[in-house]
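Listed below are the residues making up each chain.
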Amino acid sequence: MASIETAAEHERILREIESTDTNCIGPTLRSVYDGQEHGLFMEKLDVRIRNHDREIEKMCNHHFQGFVDSITELLKVRGEAQKLKLINSMEELKQCRVQQRNIATTIDKLTHCLPVCIFKCFVSVCVRYYPALRTLEQLEQTCLPRAGQYRFCSIMAENIPKLRTQIRDTAMTQLRDFLESIRKHSDKIGETAIKQTMQQLNSGPCLLYIQSDCLNCLSLQVPGAQDLVDFSPVYRCLHIYTVLGLRDVFENYYRKQRRKQARLVLQPHSNMHETLEGYRRYFNQIVGFFVVEDHVLHTTQGLVNRAYVEELWELALSKIVAALRTHSSYCDDPNLVLDLKNLIVLFADTLQGYGFPVSQLFDMLLEMRDQYGEILLKKWNITFRQVLDQDNYSPIPVSTEQEYRHYTSQFPLQDPELEKLPFPKKLPFSEFVPKVYCQLKEFIYACLKYSEDLHLSSTEVDDMIRKSTNLLLTRTLSHCLQYAIKKKNVGLAELVQVIINTTHLEQSCHFLEEFISNITNVPPDTVNATKLYGTSTFKDARHAAEAEIYTSLNAKIDQFLQLADYDWLAAVQGGGTLTASDYLIDLIAFLKSTFSVFTNLPGKVAQTACMSACKHISTSLMQLLLDPEVRQISMGALHQLNTDVKECESFARAGPVAGFQGDTLLLAFSDLRQLLELFTQWDWSTYLADYGKPTCKYLRVNPHTALALLEKMRETSRKNNVFAQFRKMDRDRQKLIDTVIKQLRNLIAQHHT
């Protein structure tokens, strides 16, 4: 039973070996080697191999003849195959030659078309750049004609004008962007250029004045113009329009647009005059505009020329000058005007460095100098008034050498006698003298500041300062002194001090002359040099103060005279002695006190004041006599008036001020004295007999005056004699008066004829 199963198993393994792939026979062989009948299996395997070998041998024997026949046929076919192969090779060679010829033709055609394609691609990529136009021109004139009549070549030829238009429009867009960019950056460009000028001025003014052939170098020296603005669009657009044959169109467009921008730049803001920054922005924009134009002028060939730029500058210059005249006229601050002047000078120097003529700007600065002078005069008018209002009009007391040197350093006082006096002592003038003198020097410094950097000669600067100082003296200071002299409540003591002060200021005028010469380096004795009018100014002020003293003194006298209360109908006193009126005694006391403080005045002033006062008293007393309101005057009233006149003559004879010779002061009362003597002595026969003769005792008695007074006495006589008309003495007196009146009228009539 076991042998049958083993035999069956071996058979199965053999079949499996015959039918199984060699790669998978491993497990089968393993089962053989693992079995117990290994030898038996090997025997069966040998039997099976021998059976297969016999079958193979039979198969080979059966087919051998067919194999031999096949080999014989194959040998016959080999010769024909070689012939067929040769024929195929010839056909292939022919086809290859055709292909080679076609390839050569294609290569030749592509050689002509390739530049077209390359240029087309280049144009598509470089449409933003002007080389594309050159490429289009080469493509149109050279490449496309060589390429042949291909459809794509026709399409390209049709698109070339459109590409040119596209390039032109793109360039124009970039140009507009450029114009907008320089409009925005003009302020910054101008600021940079002005800063560059400031640096050059600090290094040396000679750098500013460069010959015209070096202007381009100066332009390139300014950092910022090329950094802030890319100029390539204008160059690119210029080249593109030049290639397109439209250069004139581009030049006209560019210039037109820049003119529009110029008008905008030159239009100042309405409030420009309010701050210096407003002027600064205005100047920065203008400088920036012309720096750009100058750069374009020197970096392009004919886009703008010198004539165009100069024409544009002439237009700008007229508008700038007009704007500055208008806006500067609103300014009343001298510091702002001075800062504006310095800014205009810097503005002018900057543009002059680029070759632009700026003489009109400096002419305008000279016009502004007059405006600046007027503003200074207004400022110093306030200053002088404050000094005069705050002054105490008293001599300055000094207690120490330091105080004394303090004042003498402010004012050139030269008084050896005063220096010898011990401390404490008093300076002859009041505070306003050193203060006014210092303010005069400050004004001169202010004038000098404006004249700096105006390219003026020393002589011109000296002349300008002297003329301005003369205006300050003759107009401003003179008016202030007149104001101080004539204002209300100015006493005689204050007026006396004004005279002393102006005398010292007058004496200091030559020191002012030397001061101006020192700061201008122009000798004061230079030919045609303007002289200061300080001497005449202070003389006029002193004369005004003197006249005011006379007027004030007379006004004070009038106040006393208003207290006069004469009894014009008083009877003649018998044996009693008359005394002067109370008001006159007070008046004489006042005059004595007043003239005692006149000792510091020039002698002539004190003498004139005294003579004026005496004449005024005499004239006023005469007017009292002749007052139309006083219709009657008695002999008693004349005696009282005569007594008062004697008191006045006694005052005059005593010499209230020094300097009068003999009885000169008594002459002030001579008219009144002769009139009163004529009436009190009733010496009409002498008067009528000697009238008109040089030796007449009553030479100063006017017949009209005598007649008027006599008529008033006749009225008094008539009223007193209403009830005594039968008294012979009174009747005789009345007749005598009538007779004298008649004779006086005849005398007047004769001399009138």
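Definitions and cut-offs
- Residues numbered from 1 in each chain as written.
- Predicted model: local features only at pLDDT ≥ 70, side-chain atom pairs only at ≥ 80, totals over all residues.
- Heavy atoms only, no water.
- Helix = DSSP H or I, 4+ residues; strand = E, 2+ residues; numbered from the N terminus.
- Buried < 20%, exposed > 50% of the residue type's maximum accessible area, 1.4 Å probe, protein only.
- Contact = heavy atoms within 4.5 Å.
- Areas by Shrake-Rupley, 256 points an atom, 1.4 Å probe, with all protein chains shown as cover.
- Salt bridge = Lys/Arg side-chain N within 4 Å of Asp/Glu carboxyl O.
- Axes fitted to C-alpha atoms, helices over the stretch in contact; angles between N-to-C directions.
- Parallel < 35°, antiparallel > 145°, perpendicular 65-115°, else oblique.
- Nonpolar A, V, L, I, M, F, W, Y, C, P; charged D, E, K, R; others polar.
- Polar contact = N/O pair within 3.5 Å; in protein donor to acceptor, adjacent residues only side chain to side chain.
- Patch = residues over 30% accessible without salt bridge, like charges linked within 9 Å, V, L, I, M, F, W, Y side chains within 5 Å.
- Lys, Arg positive; Asp, Glu negative; His and termini not counted.
- Charge placed at Lys NZ, Arg CZ, Asp CG, Glu CD.
- Phe/Tyr/Trp six-rings, centres within 6.5 Å; stacked < 30°, edge-to-face > 60°.
- Lys NZ or Arg CZ within 6 Å of the ring centre and 35° of its normal.

Colleague: Quick one: what's the story with the overall build of the protein chain, residue by residue and with numbers?
Modeller: In terms of helices and strands, the protein chain carries 27 helices and 2 strands. Going through the 753 residues of the protein chain one by one, you find that 42% of them count as buried. Taking contacts inside the protein chain between residues at least 6 apart in sequence as the whole, the part at least 24 apart equals 78%. Carbon and sulfur atoms make up 53% of the accessible area of the protein chain, which totals about 41,900 Å².

Colleague: An account of unusual backbone geometry is requested, with residue identities and associated values reported.
Modeller: Negative phi characterises most residues that are not glycine, and trans characterises most peptide bonds. Between Phe 423 and the following residue, Pro 424, the backbone shows a cis peptide bond with an omega angle of -5 degrees. Summarising the element assignment, Pro 424 is placed in the loop between helix H15 (416-420) and strand E2 (425-426). A positive phi angle, near 65 degrees, is found at Asp 453, a position not held by glycine. Positionally, Asp 453 belongs in the loop between helix H16 (432-451) and helix H17 (458-486). Although it is not a glycine, Trp 682 sits at a positive phi angle of roughly 50 degrees.

Colleague: So what about the pattern of salt bridges? Which residues, and what values?
Modeller: Under the criterion given, the structure shown has 23 salt bridges. Salt-bridge contacts for Glu 293 lead to Arg 258; the nearest nitrogen and oxygen are separated by 2.6 Å. Highlighted residues: Glu 293 in helix H10 (residues 276-299) and Arg 258 in helix H9 (residues 247-265), separated in sequence by 35 residues. An identical accessibility class is assigned to Glu 293 and Arg 258; each is buried. Two residues, Glu 513 and Arg 466, come together in a salt bridge whose shortest N-O distance is 2.3 Å. Linking Glu 513 in helix H19 (residues 509-520) with Arg 466 in helix H17, this pair joins segments that are 47 residues apart in sequence. Since its relative accessible area comes to 14%, Glu 513 is described here as buried. One salt-bridge network, in which partners are shared between bridges, spans Glu 11, Arg 15 and Arg 48.

Colleague: Help me get a handle on the packing of helix H18 (residues 492-507) against H19, residues and values and all.
Modeller: Two numbers describe how H18 lies on H19: the axes approach to 4 Å, and their chain directions differ by 40 degrees. The orientation of H18 with respect to H19, classified from their angle, is oblique. Touching Leu 505, Glu 506 and Gln 507 of H18 are Cys 509, His 510 and Phe 511, all from H19. A per-class count over the contact of H18 with H19 returns 3 nonpolar, 2 polar and 1 charged.

Colleague: I'd like a rundown of the environment of Thr 408, residues and numbers included.
Modeller: Counting through the fold element by element, Thr 408 comes out in helix H14 (residues 401-410). Overall, the relative accessible area of 19% leaves Thr 408 in the buried class. A polar contact is formed between the side chain of Thr 408 and the backbone oxygen of Arg 405, at a distance of 3.1 Å.

Colleague: I'd like to hear about a positive patch on the surface, residue by residue, with values.
Modeller: Positive charge collects at one region of the surface, where Lys 256, Lys 260, Arg 263 and Lys 319 lie side by side. No other element matches H9, which puts 3 residues into the positive patch. Inspection of the secondary structure assignment puts Lys 260 in helix H9. Of the residues examined, Lys 260 reaches a relative accessible area of 38% and is grouped as partly exposed.

Colleague: Go over the environment of Tyr 282 with me, naming the residues and quoting the values.
Modeller: Considering the arrangement of structural elements, one finds Tyr 282 in helix H10. By relative accessible area, which is 3% here, Tyr 282 ends up buried. Other than its neighbours up to four places away in sequence, Tyr 282 contacts Val 265, Leu 266, Gln 267, Pro 268, Met 272, Lys 319, Ile 320 and Ala 323.

Colleague: Which residues make up the side chain of Thr 502, and what values do they have?
Modeller: As for its position among the elements, Thr 502 is in helix H18. On the basis of relative accessibility, which here comes to 0%, the residue Thr 502 falls in the buried class. With residues up to four places along the chain from it excluded, the contact list for Thr 502 reads Leu 481, Phe 538, Ala 541 and Arg 542.

Colleague: Which residues make up the packing of aromatic side chains, and what values do they have?
Modeller: For the structure shown, the criterion picks out 28 aromatic pairs. Taken together, the ring pairs in this structure connect Phe 679, Trp 682, Trp 684, Tyr 687, Tyr 691 and Tyr 698 into an aromatic cluster. In this arrangement the basic side chain of Arg 385 is found over the ring face of Tyr 483, its NZ or CZ atom lying 4.0 Å from the centre. Against the face of Phe 515 rests Lys 441, its NZ or CZ located 5.1 Å from the ring centre.

Colleague: A description of a nonpolar patch on the surface should follow, citing residues and the corresponding values.
Modeller: A contiguous nonpolar surface patch, about 590 Å² in accessible area, is contributed by Phe 64, Phe 67, Val 68, Ile 71, Leu 74 and Leu 75. One can find Phe 67 in helix H3 (residues 38-125).

Read these as spatial facts, not as claims about activity.
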